[in-house]
Amino acid sequence: MTKVNLSGEEVNVEMTKEEFEKVKELLNREPTITELGGFDIMWSEHCSYKSSRPKLKLFEDAEKDYDYVLAGPGQDAGVIDIGDGYALAFRIESHNHPSAIEPYHGAATGIGGIIRDILCMGVRPIALLDPLRFGHLEGNPHSQWLFKYVVKGIADYGNCTGIPTIGGEVEFDRSFENNCLVNVACIGLGTIEDFEHAPSRAYNPGDYVVLMGGSTGRDGIHGVTFASRTLTEMSEADRPAVQIGDPFTKKMIIEATLEAVKTGYVRGLKDLGGGGLTCATSELTGDGNTGAKIELRKVFTGEPGMTSYEIMLSESQERMAFIVKPEGLETVLDVFKKYEMTFAVIGKTDDSKVLKVYDGEELVVNIPAKALSESPTFRRAEKRPDYLDHLLAQKTPEPTINLEEVIKKLIASENICSKEWVYRQYDHEVGVRSVVKCGEGDSGVLRIIGTDKFISASVGVNSKHCYLDPYEGAKGGLVEICGNVIANGAKPMAMVNCCNFGNPEIPESFWYFSKSVEGMNDFCRKLRIPIVGGNVSFYNEDEVSKTAIKATPQIMIVGLIQGYENIITLPFKQSGNDILIIGETKAELGGSEYHSVIHKLEGGTPPSVDEEKILARWNFLYELYQNKLIKANHDVNKGGFIITVAEMCFKNKFGADIDLTGYNFNNLRDDELLFSETVGRFIIETSPKDFGKIVDLAKMFKVSVNKIGVVKSKPEISIRGLSQIVNLNINQMKQLYDSTIPNLMEI
Amino acid sequence: MTIKIAVIQFPGANCDLDAVHVLNDVIGVETSLVWHNYFKEADFDGVVLPGGFSFGDYLRAGIIAAHSPALDEARVMLKDGRPIIGICNGFQILIEAEFLPGALLQNESLKFICKWVNIKVINNKTAFTHKMKQNEVLAIPIAHGEGRYFTDNLKELEENDQVVFRYSTETGNYESAANPNGSLDNIAGICNLEQNCIGLMPHPERASEAILSPKGTEHGRLFFDSMVEFIKRRIR
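Note that the structure is a prediction, hence the values are computed from the model and not measured.

Peer 1: For the nonpolar core, give the residues involved together with the corresponding values.
Peer 2: Residue and element names in this part refer to chain A. Membership of the largest hydrophobic core comes to 317 residues, with the highest contact counts inside it found for Leu-88, Phe-322, Met-556 and Val-645. When residues in this core are grouped by element, the largest group, 9 residues, is from helix 19 (residues 470-487). Ignoring anything within four residues of it in the chain, the contact list for Phe-322 reads Val-210, Met-212, Ala-260, Val-266, Leu-269 and Val-332.

Peer 1: Could you give an account of the sheet that holds strand 10 (residues 266-271) of chain A, naming the residues involved and the relevant values?
Peer 2: Working definition: the strands of a sheet are paired by backbone hydrogen bonds and lie parallel or antiparallel to each other. All names here are of chain A. Ordered in space as 10-12-9-13-11-14-15, the 7 strands form an open sheet in which the pairing is mixed. Because the sheet does not close on itself, it has two edges, and the strands there are strand 10 and strand 15 (362-368). For this sheet the average axis-to-axis angle between neighbouring strands, irrespective of direction, equals 20°.

Peer 1: Provide a residue-level description of the packing of helix 7 (residues 103-119) of chain A against helix 8 (residues 141-161) of chain A, including the pertinent values.
Peer 2: Residues and elements named next belong to chain A. In the contact formed by helix 7 and helix 8, the axes pass within 7 Å of each other and the chain directions differ by 40°. Regarding helix 7 and helix 8, the two cross each other, and that crossing is right-handed. Within the contact between the two elements, helix 7 uses Pro-103, Tyr-104, His-105, Gly-106, Ala-107, Ala-108, Ile-111, Gly-112 and Ile-115 and helix 8 uses Leu-146, Tyr-149, Val-150, Lys-152, Gly-153, Ile-154, Asp-156, Tyr-157, Gly-158 and Thr-161. Residues that form the contact of helix 7 with helix 8 fall into these classes: 11 nonpolar, 6 polar and 2 charged.

Peer 1: Mind laying out the sheet that holds strand 29 (residues 716-720) of chain A, listing which residues take part and the relevant values?
Peer 2: All names here are of chain A. Across the sheet, 7 strands lie side by side as 25-27-24-28-26-29-30; this open sheet has mixed pairing. Each edge of the open sheet carries a strand with a single partner, namely strand 25 (632-635) and strand 30 (726-729). In this sheet, neighbouring strand axes are inclined to one another by 20° on average, regardless of whether the strands run parallel or antiparallel. Of the strand pairs in this sheet, strand 24 (residues 578-582) and strand 27 (residues 682-686) are connected by 5 bridges, and their pairing is antiparallel. Paired with Ile-582 across the two strands is Phe-682, which belongs to strand 27. Packed onto the sheet, helix 25 (residues 691-701) meets strand 24, strand 27 and strand 28 (705-712) and runs at close to 155° relative to strand 28.

Calculation criteria
- Residues numbered from 1 in each chain as written.
- Chains lettered and ligands numbered in written order.
- Predicted model: local features only at pLDDT ≥ 70, side-chain atom pairs only at ≥ 80, totals over all residues.
- Core = buried A, V, L, I, M, F, W, Y, C linked by C-beta atoms within 7 Å.
- Buried ≥ 20, exposed ≤ 12 C-beta atoms within 10 Å, placed from the backbone.
- Helix = DSSP H or I, 4+ residues; strand = E, 2+ residues; numbered from the N terminus.
- Contact = placed C-beta atoms within 7 Å.
- Pairing = 2+ DSSP bridges.
- Axes fitted to C-alpha atoms, helices over the stretch in contact; angles between N-to-C directions.
- Left-handed = near helix turned anticlockwise from the far one by under 90°.
- Nonpolar A, V, L, I, M, F, W, Y, C, P; charged D, E, K, R; others polar.

Note that all results are geometric; they support no functional claim without further evidence.
Structure, rendered in structure tokens:
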């Protein structure tokens, strides 16, 4: 908080003294209080990306580099052309701070916000995905409370709006105890025409500015500056800054907006989110190179006596701003009337390049339209944390329990066990598109009705790996999430990310951000995956316990599958089939679940990524798909490949005879071989008659493939080739896998 | 004469487009999405009240929609024997509008549940089930928070053959584990005395295409095929 002098009065603002001086310089005078409020919000970290922007320049040119990318970073959502005349929009963002204070409404309005971002691209939102982070559940009522109500908030909002939640991931780690992460992603589908109809700018003077949706109230005023501050005990007092969601109104807004866009009379579209009306009107006109005259008192308010400052900065949910062609105003308003939505024509665009807001006769805002988006940027210092050397040098102790016990503990651990408790609460089928449903595959697969195309989507990253090495960890996240969509038979098409980090003013925290961005950028350029959007959430630090969250650059990948017969699923299909592993296992136990669950260690050597090997494996898999050689595929993730094999046994109650004698060519210890989380490996099920063909192709593609076992009908896994025999009962494993979260949550 | 079916769009309905898709593209019967205030019974041979959260389920699920003019229109259809189906929220609306008896309470688990379940056909004589076999077990998904059926008049309901579906295991047993929401006597769907109107919590429109079903079944089609056949017989 800074105190500045405005016409002789002291005013509290979030901006720095230097930024206040820059505002005066831009306007050539002192700002009015309403103008100052606008600058204060629009120049906050959350809106302006002032710390991250210099670094995010790396991501900038997706639209130029890839001909199928229709909208890239800097837009409300990334948009790609998937053929057959269809456009796919997607975006991910954070709603961490509101959810940490008020989990139910925080999460719900997060969903509300991301739906609006997709909707304002002119397309129908068709799927949601939510990666989440909490403290450990066991013995921690606070974490249980956050987890329960975040899930309920997502479920109630998503279910009511009729958008299926088709995927997500959850990790539990001490560092998220008081600063949980709630990231929300949405995918939208429309025709390319729909998308082209509704750009997020007002480029034509003389159009009407129409506000539609919920009423403008006092909720959420200054929600933005609040999200750019570190959480403190004082945050409880910020509760009124958390907005309240109304999914019913949102559903009406979706239908009314899509129908309005179809009339052809909407020339521009923008949602009202952070920064409210100030943000929407200035971005519409600023980006469109026009100006506008807004009459404030036309805005429908939810409570009497609101000041111009409050009306302009309110972050009341469920509102959209439309730029409407004059000749189509009546038609568009009729659509809003049909849906019984409140609306108001609040102004008109002009060619002044100035945003003028009148409160009756009084001119309360009179600023160049582009000024609000011209925040200063900061070059933040970065420094590798000193504690990393010590962490990376940590050695793995010998386990004190036998391997069977270790595997059982792992399969029942919070980060590996089934998340069915979560996805049962989400309507993941509404829309009749969900072909591979929650829990059935590595990614969610949706059909595009009327075509033979399917999209696959997955989201996640490993925060423990990123904590030890953000550069390799971010790359590893990409390998894993791309691996998810590839395992289902898709080719990765594009990526969006959501960067969750600590205070950027602390060099160690900024270093994590900087290295993660470099990792994502290097990987995506080498493997030709366009980055079409991103969101940054800083200040994820808990000042009470003085801990920063583990770096979490969430990654979402959307992939495309041509033809239903090319969708691959995870469960084993037939006993007698071969079990093959693609990729070698290295001694990479750093940040593994094994270290954390069995040894209470956070350190060690984390996985690293060799892009060339990864690409060879992907191409090899595409070739196997083309030749119909794969019966099942599951990428190896937390806990190592035996967990992967067990998950493949569960659905059809199969077992597996595993023999690792020929696979341990790196001479690893038993625990290193079984539990390393080396990224980029897959377990595939193939027919024994195809083995020769597969080995030949592997040689051609220079990929390491080893047969490690056979699927069997008896539900047990036996493992040979280690220093001890391991036998696991699948029914018991499944019981452990399924019961952990219900046992912790159902009191 | 071509058959015309209406799917009524209440504010907050969200399975409306799914029902239209299945009727038009899968079953191949002319179906229109009709905004609730614009619905006129004279134009249609049958009607679907789709799932969703009509009017946000504020006050109580289905109760506000039950007072929509669309229900007055539908009441005319109810009386002259045209087929009416309420799916999920549509079932809740039919109960609140007193087309069907009983009540739908919050799930026993107090949570929303989305999963594939099995239901057993008890009455295969209704407008929507006459193409099913008695005691046939159907695979079909549910997705609701308030679907626990209750009535204080179970005996009468049974005597009048108004119980149409019960939740069961895949082999047709009524174990408690097969009852997803705690419904009385495992009841998943019921009909009116005349058997031209049914309501059920599961979603037949989500179970009408093999591509969406875990086991490749298309049991949901039986509802709509029965409906079309029923209309054809009435017209003849």
